[in-house]
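Listed below are the residues making up each chain.
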Amino acid sequence: MPASLSDVIGLLDLEQLEVGLFRGSQPESSSLKRVFGGQVAAQALMAAQLTVPEDRHVHSLHLYFILGGDPTIPIVYDVENVRDGRSFTTRRVAARQHGEIIFYMTASFQVVEEGWDHQDLMPQVPSPDEATPLIDIIALQGQDAVDHWTKEWASFDMRYIGDNRPADDPQRRLVPATQRLWFRADGELPDSRPIHNAAFTYISDLSLLGASLVPHGQFIGSDRVQPASLDHTIWFHRPVSADQWLLYDQTSPSASGARGLSTARVFSQDGVLVATVAQEGLIRPLTPRT
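Criteria and thresholds
Sequence positions are assigned chain by chain, starting from 1 and proceeding in written order. Since the coordinates come from a predicted model, pLDDT governs what is reported: local features require at least 70, and pairs of side-chain atoms require 80 or more to be given and counted, while whole-chain, interface and lining totals use all residues. By convention in this description, side-chain values take in all heavy atoms of the structure and omit both hydrogens and water. UniProt positions are given in the numbering used here, feature names are shortened, and annotations may be inferred rather than shown by experiment. Strands here are runs of E lasting at least two residues and helices are runs of H or I lasting at least four, both read from the DSSP assignment and numbered beginning at the N terminus. When a carboxyl oxygen of Asp or Glu is within 4 Å of a side-chain nitrogen of Lys or Arg, the pair counts as a salt bridge. Whether a residue is buried, partly exposed or exposed follows from its accessible area with a 1.4 Å probe, protein chains only, as a fraction of its type maximum: under 20%, in between, or over 50%, in that order.

Looking at an unreviewed UniProt entry, one finds the protein chain named Acyl-CoA thioesterase 2 and attributed to Aeromicrobium yanjiei. Comment text from UniProt for the protein chain, heading Catalytic activity (unreviewed entry), reads "a fatty acyl-CoA + H2O = a fatty acid + CoA + H(+)". Quoted verbatim from the Sequence similarities (unreviewed entry) field of the UniProt record, the comment on the protein chain reads "Belongs to the C/M/P thioester hydrolase family."

In structure tokens form, the structure reads like this:
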């Protein structure tokens, strides 16, 4: 993964090969064995946005991760023009490598319209300055973990608020799992709504599945868990500024069959509900090797 925000922006700059056909690059220094799912999702959204009129903005996308991506070769994105209506536009994107489809996305776009407006209230949480930088928590695992995080994820600033992992947490009576953090791009993004949408999509895949492990006392990077994103959905309610602080208010209503479901509300720092995210992923229990 890219260590700087400029590298992330570079990943979103797709090469157009033909009408509706784009190629996305890979970060040069990635040490991951598979392409990060958020990268594929962000590049697919950029490809779709490049085929849609500028007055239409994404309001929902639905993703399926089919195969683990190869981080050593580019990814080709084939955009299907499903429909262009008077108010809504629909696109379907297939991501391909080695002659196989590794990912599908369906996205819907809408012209700006006036209508009724309401939203949930943002929960009372510590401010980003009061929350714990995620790198401080990672440092408890040793310098190697810090070096890996800095190399792979430093393009975003993340501040951990906490979860209801303790069994005596009164919040557990209402919701089996909650996990909250602040995040933002570590720098300034271009003044482009499509880029902010894609950057938000990129980082939305990083921590969400971990909420489904909270009731079980496990962590996503543990050798006791085999994790993988299976599908991912984002509803964009209002414009997202991915380089400003966003609260990721995560819950997990269910885990079963080696799969966990997590949902999240995303608020701007001034309390505006900008998006809702949902993800189901593999959380297969493993027996650690001795």
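Let's pick the thread back up.
A.B. asks: Sorry, what's going on with the UniProt feature "domain: Acyl-CoA thioesterase-like N-terminal HotDog" (unreviewed entry) in the protein chain here?
C.D. replies: UniProt records the feature "domain: Acyl-CoA thioesterase-like N-terminal HotDog" (unreviewed entry) at residues 33–110, using the numbering of this structure. Span residues 33–110 is 17% helix and 53% strand, its end C-alpha atoms 37 Å apart.

A.B. asks: What am I meant to see in the pattern of salt bridges here?
C.D. replies: Enumeration according to the criterion identifies 10 salt bridges in this entry. Salt-bridge contacts for Arg-265 lead to Asp-120; the nearest nitrogen and oxygen are separated by 3.1 Å. Of the two residues, Arg-265 is situated in strand 12 (residues 259–268) and Asp-120 in the loop between strand 6 (100–111) and strand 7 (132–133); the sequence distance between them amounts to 145 residues. Ionic pairing is found between Arg-180 and Asp-249, a salt bridge with its closest N-O pair at 2.7 Å. In this pair, Arg-180 sits in strand 9 (residues 178–185) while Asp-249 sits in strand 11 (residues 246–256), placing the two residues 69 residues apart along the sequence. Exposure remark for Arg-180: the relative accessible area of 21% places this residue in the partly exposed category. In this structure, a network of salt bridges that share partners links the residues Asp-120, Arg-180, Asp-249 and Arg-265.

A.B. asks: Explain the environment of Leu-213 to me, please; I cannot follow it from the model alone.
C.D. replies: Within the fold, Leu-213 resides in the loop between helix 5 (193–204) and strand 10 (225–236). Since its relative accessible area comes to 4%, Leu-213 is described here as buried. Along the backbone, Leu-213 and Gly-68 are 145 residues apart, and their C-alpha atoms lie at a distance of 22 Å.

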